[in-house]
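# Structural overview
Below are the chains, spelled out letter by letter.
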Amino acid sequence: MKKNKVAGVKFNVTPKVAVRVIDKNDSEQVVQEKKKYPFELKNDVIVTVFTDKFNFSFKIKSGYIWNGADIPKPLWWIGSSKDNDYLVASMVHDFLLEFKEFIYNDVLKGCIEVKEYRRLTSLIFREILKDSDINCVKANIMAFCVDVFQMTINRRAWHIEKTDEKLCISSEAEGK
């Protein structure tokens, strides 16, 4: 089976990203959460992914929090884990991973194998990086590293309960 190629990723609006500020009145639990997930989306964003086989859309709701790009210290020559250039790409990638069952079953209708969906998330990450004016070589290296991490170290997280539907049609932006 021929693999999907990502032809583009579009947003209905520019994602507004804010750094979550630790307030002196925050509980220790809130402080720890803000340290672990320092970024927050401040507006609803519909993301549309165009591939050579199908298109699909999903909504990331205002208030979504994530940790930025997980770049290990030895690779900080690429950029630090909190680099602004990577925030939107890391947000979309983290959302695709966090809500993988919903995206895979309800948006994509299980029309591709789980392994291909995992790979597709890395390609979407790469495409957004390139659209953010990240050097193509750097974007390819980062996406490759993300993909290798997902298929090796994080492979257990990729168990998805499949539904029986296989429609493979363009999906409306719904979202969790």
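Presented here is an overview of the structure given in this document. What you see is a predicted model; the values in this text were computed from it and never measured.

Across the sheet, which stays open at both edges, the 3 strands sit in the order S1-S4-S5 with antiparallel pairing between neighbours. At either margin of the open sheet sits one strand with a lone partner, and together these are strand S1 (6-11) and strand S5 (55-60). Looking at each pair of strands side by side, their axes are set apart by 15° on average, direction ignored. With 5 bridges connecting them, S1 and strand S4 (residues 45-51) associate as antiparallel partners. Bridge assignment links Lys10 to a residue of S4, and that residue is Thr48. In this fold helix H4 (residues 114-131) packs onto S1, S4 and S5, with an angle of close to 65° to the strand it touches most, S1.

Its location among the elements puts Thr48 in strand S4. Judged by relative accessible area, Thr48 falls into the buried class, the value being 19%. Side chain to side chain, Thr48 and Ser57 meet in a polar contact 2.8 Å long.

Taken as a whole and assessed by the stated rule, the structure comprises 6 salt bridges. Between Glu33 and Arg20 there is a salt bridge, and its shortest N-O distance comes to 2.8 Å. Of this pair, Glu33 sits in helix H1 (residues 28-36) while Arg20 sits in the loop between strand S2 (17-19) and H1, and the two are 13 residues apart along the sequence. Judged by its relative accessible area of 15%, Arg20 is buried.

The next subject is the nonpolar core. Nonpolar side chains tend toward joint burial in soluble globular proteins. Membership of the largest hydrophobic core comes to 44 residues, with the highest contact counts inside it found for Phe56, Phe58, Ile60, Val92, Ile103 and Ile124. For this core, the element with the highest residue contribution is H4, accounting for 8 residues. Residues in contact with Ile124, not counting those within four places in the same chain, are Val6, Val9, Val49, Phe56, Val92 and Leu96.

For Asn12, the location among the structural elements is in the loop between S1 and S2. Taking the C-alpha atoms as reference points, Asn12 and Val47, 35 residues apart in sequence, are found 6.8 Å from one another. Contacts of Asn12, omitting those with residues within four sequence positions, involve Asp44, Val45 and Ile46. Of note is the side chain of Asn12, whose polar atom sits 2.7 Å from the backbone nitrogen of Ile46.

Attention shifts here to the sheet that holds S2. As summarised here, the arrangement of the 3 strands in space is S2-S3-S6, forming an open sheet in which the pairing is antiparallel. The sheet is open, and its two edges are formed by S2 and strand S6 (65-66), each paired on a single side. Bridge count between S2 and strand S3 (residues 39-41): 3 bridges; the pairing is antiparallel. Residue pairing across strands places Ala18 opposite Glu40, the latter belonging to S3.

All right, on to the pairing of S4 then. Of all 7 residues that make up S4, 5 are buried, and the element is covered over most of its length. The sheet contact formed by S4 and S5 spans 6 bridges and is antiparallel. If you follow Val45 over to S5, its bridge partner there is Ile60. Taken together, S4 and the strand that follows it, S5, pair antiparallel across an intervening segment of 3 residues.

As a C-alpha pair, Arg20 and Leu41 span 21 residues in sequence and 9.8 Å in three-dimensional space. Ignoring anything within four residues of it in the chain, the contact list for Arg20 reads Glu33, Lys34, Tyr37, Pro38, Phe39, Glu40 and Ile65. At a separation of 2.8 Å, a polar atom in the side chain of Arg20 contacts the side chain of Glu33. A polar side-chain atom of Arg20 sits 2.9 Å from the main-chain carbonyl oxygen of Tyr37.

Rules and cut-offs
Residues numbered from 1 in each chain as written. Predicted model: local features only at pLDDT ≥ 70, side-chain atom pairs only at ≥ 80, totals over all residues. Heavy atoms only, no water. Pairing = 2+ DSSP bridges. Helix = DSSP H or I, 4+ residues; strand = E, 2+ residues; numbered from the N terminus. Axes fitted to C-alpha atoms, helices over the stretch in contact; angles between N-to-C directions. Contact = heavy atoms within 4.5 Å. Buried < 20%, exposed > 50% of the residue type's maximum accessible area, 1.4 Å probe, protein only. Polar contact = N/O pair within 3.5 Å; in protein donor to acceptor, adjacent residues only side chain to side chain. Salt bridge = Lys/Arg side-chain N within 4 Å of Asp/Glu carboxyl O. Core = buried A, V, L, I, M, F, W, Y, C linked by side-chain atoms within 4.5 Å.

The values reported here are purely geometric and, on their own, carry no functional implication.
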